[in-house]
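Below are the chains, spelled out letter by letter.
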Amino acid sequence: MHTKLYSATVIGVNAHTIEIEVDLSFGMIQFHIVGLPDLAIKESKQRVITALKNCGYALPERKITVNLAPAHIKKEGS
């Protein structure tokens, strides 16, 4: 694992902590989001890549895996 961040998702009126783990590994250049993300989150990877490029940051030429944990909780929204 390269780094770990924390976020939250809301289900009803309850907030649940979500751990965001990012791993960089050797292999074909790919960007994966795993851990039961909804369609909006899956589509956000292209927006994130474009925003980073427009800000002058270069993505590493590696396989990037973003894990949203715990896996049994559906992640939705921003």
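Parameters and conventions
Residues numbered from 1 in each chain as written. Predicted model: local features only at pLDDT ≥ 70, side-chain atom pairs only at ≥ 80, totals over all residues. Heavy atoms only, no water. Pairing = 2+ DSSP bridges. Helix = DSSP H or I, 4+ residues; strand = E, 2+ residues; numbered from the N terminus. Axes fitted to C-alpha atoms, helices over the stretch in contact; angles between N-to-C directions. Core = buried A, V, L, I, M, F, W, Y, C linked by side-chain atoms within 4.5 Å. Buried < 20%, exposed > 50% of the residue type's maximum accessible area, 1.4 Å probe, protein only. Contact = heavy atoms within 4.5 Å.

Draft legend 1. Geometry of the sheet that holds strand 3 (residues 30-34). Taken in spatial order, the four strands of this open sheet run 1-2-4-3, and their pairing is mixed. Both edges of this open sheet fall to strand 1 (3-11) and strand 3, since each of them pairs with a single strand only. Pairwise comparison of adjacent strand axes, ignoring direction, gives a mean angle of 20 degrees for this sheet. Sheet analysis places strand 1 next to strand 2 (residues 14-25), joined by nine bridges and oriented antiparallel. Counted as the bridge partner of I11 is N14 from strand 2.

Draft legend 2. Representation of the pairing of strand 2. Between strand 1 and the antiparallel strand that follows it, strand 2, lie two residues; G12 among them carries a positive phi value of about 70 degrees. Bridge count for strand 2 against strand 4 (residues 63-69) is seven bridges, and the pairing is antiparallel. Bridge pairing in strand 4 places E21 opposite N67.

Draft legend 3. Seen up close, the nonpolar core. Within the largest apolar cluster, 10 residues are counted, these being I18, I20, V22, F31, I33, I41, I49, I64, V66 and L68. Contributions of two or more residues to this core are made by strand 2, strand 3, helix 1 (39-54) and strand 4. Sequence-distant contacts of I20, that is, excluding residues within four places in its chain, are made with T3, K4, L5, S7, V66, N67 and L68.

In short, the description is geometric, and any link to function would need to be established separately.
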